[in-house]
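The lines below spell out each chain.
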Amino acid sequence: MNVAAPTLRRQLSTPQAPPSPFPYNSGSLLSVFDLSIEALGRLLERATELEKADPLVRDHILAKRRVALLFYESSTRTRTSFELAAKSLGADTTLVSSLSSSIEKGESLKDTGLTLRALGAEAIILRHNSSGSAWLLERETGLPVINAGDGMHEHPTQALLDLRTILAHLRPGVTKVDEHTLDGVTVTIVGDIMHSRVARSNMFLLPRLGAKVILCGPKELLPELAAGAGPGIEIERSFETALRRAQVVMMLRIQAERLAGLQLDLDEYKEDYQLTGPRLAAFAPQSVVLHPGPIIRGLEITAGVADGFQSAILEQVTNGVAIRMAVVERALTQARKEGRA
Amino acid sequence: MSTLVIRGGHLLDPAAGVDAPKDLLLKDGRVAEIAAPGKLKPPSGSDVIDASGLTVTPGLVDIHVHLREPGFGHKETIVSGTSCAAAGGFTSVAAMPNTKPVNDNVETTRWMQSPDRDAQVRVFPIAAATRGSKGELINDYAALKSAGAIAVSDDGLPILKESVMREVLTSAARVGLCVIQHAEDTRMTVGGSMNLGPASFGLGLRGMPAVAESSLVERDIRLVGELRDARVHLHVAHISTAAALAAVRQARRNGMRVTCEVAPHHFLLTDEHVGFYNTNAKMCPPLRSAADRDAMIEGLLDGVVDAIATDHAPHAQHEKEVEFENAPNGILGLETALGLSLHWLHKEWKLPLGRVLSLLSAQPAALLGMKGRGTLAVGSYADVLVFDSKAEWTYDVHQTRSKSKNTPFDGWPMLGKVRWTISEGRIAYTNPAS
């Protein structure tokens, strides 16, 4: 039965969704939307300042402040760069991972958070497999929470370091950012968009600075309704076309098990969407290649491209430490700045 | 022999077609007499309720509540749930069988109705359609009906297998029971925790598509059509999508006995109200798109929706204070149904008061064949709601009688304040104006 949902025949007022109470703590970074363009600009500047600072001076900034890393999922890049970032500012860090803690005994996220707060944690950096977990933790603890990846939802610091990388390549020397900084820039994101928090944070952030985002992938990994996720987002199924239009190509990790589960043939997928040297040379020879890592050489990206001259993958990692220094500093000083400590 | 006089009020009884100032005499749990104001001659020793300026109407009837007993008393008990009912103006509630054990047997059906449960209003158990609600084996409907079951349902779960649903519809028809279907093709909603749409995508949550509801409603309607048995009555629980409603509308045009109910959250809220993972906006079926919500409003205004039913589903605070995808489905509803329905349907959208009340009392009572309920004609049960139809107030969940607090309506404006709820002649709740 073909039924178009009717719209109200008369103009009736209906209840509006209430404004969001988040973030509860001004130092939190739960979503890329938590930063105004201004705040974003300040963060980028600060990242550069901190990166250049004398380490022996820098490590007084957060001297003896306590930061807890709460990781329910394994991580190399994110966890290590947050740890190094916090430590280079002088903070004491502690890592609680689900595998070696009472989380295995069934302790809830709320209780884990309250425990960390009682232990003196002044901020919590959370990576968790459930979308929305960072919001839950923030509401229950009232602490500044830095979202290091919540399920399929967001990974704000990844989007920030991706932005830093993009700016370094496409807008070198630009120190101030606004709604037009990335005018004319098209960023193509390829792969398992449906399950990617990196894709979401990027597609939410980049258009705010004027960029266009093209999402590319098969229907099973990229539903049509993704195009409605925000302004400046479109879907292009042809990898070739998506590459042609892009100044930045962001490849996402493909999980072979997921393809199998969706009945997608791995070889066919690679045929259609793998980033190879010849493809890159033919359709996007000037573009920057990004990948949040970990890369699976030979799956979504070939070794040649990953190690090639267009790849900025390792720069991303380096940028991650700078960005995270600024984010951790903001988490522990924002409330004080506003006189609310 | 207890008698109660309700004096000075305005009687609004949609089922009996009365909308006029009347005094009522309640005796031995029944409506004994209705007279013009001042004309009653009450027996000496009668209690008197002064209903001046208030509306007197049949006690509301909620055909979809979860009282959580037996087995889940930490969420709600029959006492606390029926206390909520009374506070909300309800005098009859039909209780779903997803208890522990599942109410698929005569013992549990009787247990729920025992006076030992101390129910504050009348409880009508809905028995499980299949053994354990597993969707395979049919229960003994004749026995369950004799024990007091008012309908059958596997609510919480769909009756998915076609052969089983066919048998359920036929067997229930044979004993004159309605089949209430939780219409969700669970094969399409695996892992889903909210409506499939732009909101679910943006929040990184797996979605439950609207077609999971409408496809099963269409399937069930096809079965009803194939059975060609006028006794068959299919009732769609908590309808939430335009497509499912359209299917019900068409089925009725074709003369089938297919009815449906809608919950206030489905005619008021959309998936945008999930906000940032508010588990107090998580239920099944989920809050839908604005277009679906609007279709529910239209369905109420044009009459295709037969009843408002709350799907009152309490969950303990700690159970809801978890990651969104892990939180149990359901929100409270008994104490806000009247206030929300009057504020929005009557005040905002101009549905006449009698029509709104009918959706909350006369129609659900008739739908499930609750004799003597949903009306105040002489001889019917003395189930009376006396309320102030003009009073505007704000819902404060901290005043709830529930053991739980899972509601998205905390702080919402309400219209219509319950002053007395009388269940079979006994005052179950009172909140006189100070």
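Residues numbered from 1 in each chain as written. Chains lettered and ligands numbered in written order. Predicted model: local features only at pLDDT ≥ 70, side-chain atom pairs only at ≥ 80, totals over all residues. Heavy atoms only, no water.

### Side note on the confidence of the model for chain A
Thinking step 1. Mean pLDDT over chain A stands at 94; residues scoring 70 or higher make up 96%.
Thinking step 2. The low-confidence segment residues 1–6 of chain A, where pLDDT is below 50, has ten contacts with residues more than four positions distant or belonging to other chains. (pLDDT = per-residue confidence, 0-100. Contact = heavy atoms within 4.5 Å.)

### Some details on the interface of chain A and chain B
One frequent convention defines the size of an interface as the accessible area lost when the parts assemble.
Thinking step 1. Every contact between the two is made by 43 residues of chain A and, on the other side, 36 residues of chain B.
Thinking step 2. Across the chain A to chain B interface the summed buried area is about 3200 Å²; carbon plus sulfur atoms make up 64%.
Thinking step 3. The partner of Glu 321 of chain B in a salt bridge is Lys 110 of chain A, and the shortest N-O contact between them spans 2.8 Å.
Thinking step 4. In this structure, the connection of chain A to chain B is made through eleven residue pairs in polar contact (both at pLDDT 80 or more).
Thinking step 5. Sorting the residues of the side of chain A that touches chain B by element identifies α4 (109–118), α5 (133–141) and α7 (197–205) of chain A as the ones contributing at least two each.
Thinking step 6. In terms of residue count, the dominant contributor to the side of chain A that touches chain B is α5 of chain A (four residues).
Thinking step 7. For the side of chain A that touches chain B, the class distribution of residues is 22 nonpolar, 14 polar and seven charged. (Buried area = accessible area lost by both parts, 1.4 Å probe. Salt bridge = Lys/Arg side-chain N within 4 Å of Asp/Glu carboxyl O. Polar contact = N/O pair within 3.5 Å; in protein donor to acceptor, adjacent residues only side chain to side chain. Helix = DSSP H or I, 4+ residues; strand = E, 2+ residues; numbered from the N terminus. Nonpolar A, V, L, I, M, F, W, Y, C, P; charged D, E, K, R; others polar.)

### With respect to the layout of surface pockets
Thinking step 1. If you add up the space inside the largest pocket, you get close to 1000 Å³.
Thinking step 2. Lining the largest pocket are 45 residues; nearest its centre among them are Arg 139 of chain A together with Asn 278, Asn 280, Thr 407 and Pro 408 of chain B.
Thinking step 3. For the lining of the largest pocket, the elements supplying multiple residues, two or more each, are α5 of chain A together with α10 (317–320) of chain B.
Thinking step 4. A per-element tally of the lining of the largest pocket places α5 of chain A first, with five residues.
Thinking step 5. Its boundaries defined by the atoms lining it, the second largest pocket holds a volume of some 760 Å³.
Thinking step 6. Contributing elements (two or more residues each) for the lining of the second largest pocket: α3 (77–88) and α7 of chain A.
Thinking step 7. Looking at the lining of the second largest pocket residue by residue, the classes come out as six nonpolar, 16 polar and nine charged. (1 Å grid on protein atoms, 1.4 Å probe; cavity = no way out; pocket = protein on both sides within 12 Å on 5 of 7 lines; lining within 4 Å. Points joined across faces, edges and corners; volume = space filled by probe spheres on them.)

### Comments concerning a negative patch on the surface
Residues and elements named next belong to chain A.
Thinking step 1. On the surface, a cluster of negative charge is made up of Asp 265, Asp 267, Glu 268, Glu 271 and Asp 272.
Thinking step 2. Mapped onto the secondary structure, Glu 268 falls in helix α10 (residues 266–273).
Thinking step 3. The exposure class assigned to Glu 268 is exposed, which follows from its relative accessible area of 51%. (Patch = residues over 30% accessible without salt bridge, like charges linked within 9 Å, V, L, I, M, F, W, Y side chains within 5 Å. Areas by Shrake-Rupley, 256 points an atom, 1.4 Å probe, with all protein chains shown as cover. Lys, Arg positive; Asp, Glu negative; His and termini not counted. Charge placed at Lys NZ, Arg CZ, Asp CG, Glu CD. Buried < 20%, exposed > 50% of the residue type's maximum accessible area, 1.4 Å probe, protein only.)

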